[in-house]
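What the coordinates show
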Amino acid sequence: MQKESYHPASISSHSQSILSIDISQGGTIACGIDNGIVDILELSSKQTIKTLYSPNWIKEQSQQTDCTGCNSVIFANGNQNILYCNYDRQIFKYDLRQKDAVCKCFKYNKDEINQVVLNHTGSYLAACDDAGGIVVIDLRNESVLMDEYCHDSICSSIQFLPDQNLKFISGGMDCKLNYYDIERNIQLLQTIDINEISPSISNHGTLVNPPFIHHLDVTSNFNRVACATNDANVYIFEMDYEEDELMHTQCLSGHALCANQSHFARWPLTNGLATAGNDGKLMIWDLLNDDAEDETIQYPPPVIIDHGCKVNWISSSELSSHSI
């Protein structure tokens with residue numbers, strides 16, 4: 001990825017925090033907001049075209065109670081009209097073509113959901129929650145394939161592996177990165193304790209927070225995993241296909257505070273990784289095609305964008321090159 005200049009542009013402004021974002025293959029943006037609203041915008045025009053309300057939004061407004069925020073939004077693969085959103089323990093499926101957009105509700109998680117993801121075919125949905133649980137649903141028949149407590153604390157992030165229907169990774173506040181295969185039965189293939197690979201001190205020589213895992217992402221060809229953690233680092237793992245396991249190869253240190261987002265850019269022919277932290281910085285890293293067994297390789301310094309406040313979510317589009 002050649003050196004680029006990045007120019008921030010505001011698409012929408014809200015008095016409430018935007019908690020989650022996804023961009024469809026057609027260039028539609030969904031923004032999950034702290035007040036229980038989901039705004040649908042067009043990337044090209046930067047205009048809001050639809051606003052969704054949680055089914056409990058009117059009741060919460062009338063009772064003057066705090067509205068449940070939308071922690072996660074995700075478009076169905078290949079269909080920009082179908083959107084999944086979660087509020088607290090519930091996942092709602094919306095059809096944006098319909099006036100009454102809600103068409104399904106799933107309520108299997110036992111605590112507040114932190115992230116909802118789909119596999120590459122859109123056949124399976126997974127959700128992780130504050131109780132450390134993971135629920136996997138077969139959307140074709142709406143059956144539950146997995147409902148397990150997988151972490152000793154909050155499970156904050158989950159990702160299906162590309163081209164692997166029922167393999168996924170999860171990360172939690174227990175500092176564990178887990179790798180699962182539930183094709184035939186529930187198998188925990190690997191657990192990596194980030195405490196064992198985390199530097200004991202920061203770049204400034206001060207003690208850092210435990211490496212709670214805040215977010216995970218996987219490259220489209222599943223040769224890399226990025227893990228953003230509370231100790232301000234982003235850990236890079238490579239897949240060993242012969243052993244079917246992840247190997248730690250790099251620790252990216254750039255953020256001054258907690259790293260809470262890691263996102264491999266969906267741009268074609270790029271090694272771009274975007275990370276964000278509580279320091280208000282957005283960093284774009286160029287991850288070269290390095291030797292996975294060489295832990296001494298140093299990546300070029302990242303492009304740093306001063307966002308000015310905490311970044312809650314990162315997304316990118318294949319349609320708009322080098323836009324995140």
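In what follows, the structure referred to is the one given above.
First, a word on what this report is: a plain description of the structure on this page. (Residues numbered from 1 in each chain as written. Predicted model: local features only at pLDDT ≥ 70, side-chain atom pairs only at ≥ 80, totals over all residues. Heavy atoms only, no water.)

When you go through the protein chain residue by residue, the secondary structure sums to one helix and 24 strands. Split into buried and exposed, the 324 residues of the protein chain put 51% on the buried side. Contacts in the protein chain between residues at least 24 apart in sequence constitute 44% of all its contacts with a sequence separation of at least 6. (Helix = DSSP H or I, 4+ residues; strand = E, 2+ residues; numbered from the N terminus. Buried < 20%, exposed > 50% of the residue type's maximum accessible area, 1.4 Å probe, protein only. Contact = heavy atoms within 4.5 Å.)

Another aspect to go through is the side chain of Ser 262. Topologically, Ser 262 is positioned in strand β21 (residues 259-264). In terms of polar contacts, Ser 262 uses its side chain to reach the backbone carbonyl oxygen of Ala 226, at 3.2 Å. If near-sequence neighbours (up to four positions away) are discounted, Ser 262 is found in contact with His 215, Leu 216, Asp 217, Ala 226, Cys 227, Ala 228, Val 234, Leu 273, Ala 274 and Thr 275. (Polar contact = N/O pair within 3.5 Å; in protein donor to acceptor, adjacent residues only side chain to side chain.)

Strands sit in the order β9-β10-β11-β12 across an open sheet of four strands; the sheet is antiparallel. Two strands lie at the open edges of the sheet, namely β9 (113-118) and β12 (143-149), each paired on one side alone. Direction aside, neighbouring strands of the sheet carry axes that sit 15 degrees apart on average. Both β9 and strand β10 (residues 124-129) contribute to a ladder of five bridges, which runs antiparallel. Opposite Gln 115, over in β10, you have Cys 128 as the bridge partner. (Pairing = 2+ DSSP bridges. Axes fitted to C-alpha atoms, helices over the stretch in contact; angles between N-to-C directions.)

Next up on the list: the pairing of strand β2 (residues 28-33). Judged by how many residues are buried, β2 sits mostly within the fold: six of six residues are covered. Bridging between strand β1 (residues 18-23) and β2 involves five bridges; their strand directions are antiparallel. Across the sheet, Ile 23 pairs through a bridge with Ile 29, a residue of β2. What sits between the antiparallel neighbours β1 and β2 is a turn of four residues, in which Gly 27 has the positive phi angle 95 degrees. Judged from the five bridges that link them, β2 and strand β3 (residues 37-42) form a sheet pairing that is antiparallel. Paired with Gly 32 across the bridge in β3 is Val 38.

To continue, consider the state of the cysteines. Within the structure shown, the criterion is met by zero disulfides. Looking at Cys 70, it has no disulfide partner, and the nearest cysteine sulfur is the one in Cys 85, 4.5 Å off. No disulfide involves Cys 175; its sulfur sits 9.4 Å from the nearest other cysteine sulfur, which is in Cys 227. (Disulfide = S-S within 2.5 Å.)

Within the largest apolar cluster, 16 residues are counted, with the highest numbers of intra-cluster contacts made by Ile 169, Leu 177, Phe 222, Phe 237 and Leu 246. Of all the secondary-structure elements, those providing two or more residues to this core are β15 (176-181), β17 (213-218), β18 (224-229) and β19 (233-240). Apart from residues no more than four positions distant in its own chain, Ile 169 is found in contact with Ser 157, Ile 158, Gln 159, Leu 161, Leu 177, Asn 178, Tyr 179, Leu 216, Val 218, Val 225 and Leu 246. In terms of nonpolar packing, the next biggest core, distinct from the first, is built from 15 residues, Val 117, Ala 126, Val 136 and Cys 150 among them. (Core = buried A, V, L, I, M, F, W, Y, C linked by side-chain atoms within 4.5 Å.)

Scanning the model with the defined rule gives three aromatic pairs in all. Aromatic pair Tyr 87 and Phe 92: ring centres 5.9 Å apart, planes at 55 degrees, arrangement tilted. Take Tyr 87 and Phe 92: they sit in the same class, and that class is buried. With a centroid separation of 6.1 Å and an interplanar angle of 75 degrees, the aromatic rings of Phe 160 and Phe 168 are classed as edge-to-face. (Phe/Tyr/Trp six-rings, centres within 6.5 Å; stacked < 30°, edge-to-face > 60°.)

Where strand β5 (residues 70-76) meets strand β6 (residues 79-87), six bridges bridge the pair, whose relative direction is antiparallel. If you follow Ser 72 over to β6, its bridge partner there is Asn 86. One ladder, built from six bridges, connects β6 with strand β7 (residues 90-95); its direction is antiparallel. Each bridged residue has a counterpart across the sheet, and for Leu 83 the counterpart in β7 is Tyr 94. In sequence, β6 turns back onto β7 through a hairpin of two residues, with Asp 88 there showing a positive phi of about 55 degrees.

In this section: the sheet that holds β2. Taken together, four strands build an open sheet; the order of strands is β1-β2-β3-β4 and the sheet is antiparallel. The open sheet has two edge strands with one neighbour each: β1 and β4 (48-53). Across this sheet, the average inter-strand angle for adjacent strands is 20 degrees, counted without regard to direction.

By the element assignment, Ser 72 lies in strand β5. Among the residues examined, Ser 72 registers a relative accessible area of 1% and is labelled buried. Looking at Ser 72, its side chain comes within polar contact range of the main-chain nitrogen of Val 116, at 3.0 Å.

Turning to the pattern of salt bridges, a few remarks are in order. As enumerated under the stated definition, the model contains seven salt bridges in all. Notably, a salt bridge pairs Glu 238 with Arg 224, separated by 3.2 Å at the nearest N-O pair. Pair noted here: Glu 238 is in strand β19 and Arg 224 is in strand β18, with a separation of 14 residues, a long-range link. An identical accessibility class is assigned to Glu 238 and Arg 224; each is buried. (Salt bridge = Lys/Arg side-chain N within 4 Å of Asp/Glu carboxyl O.)

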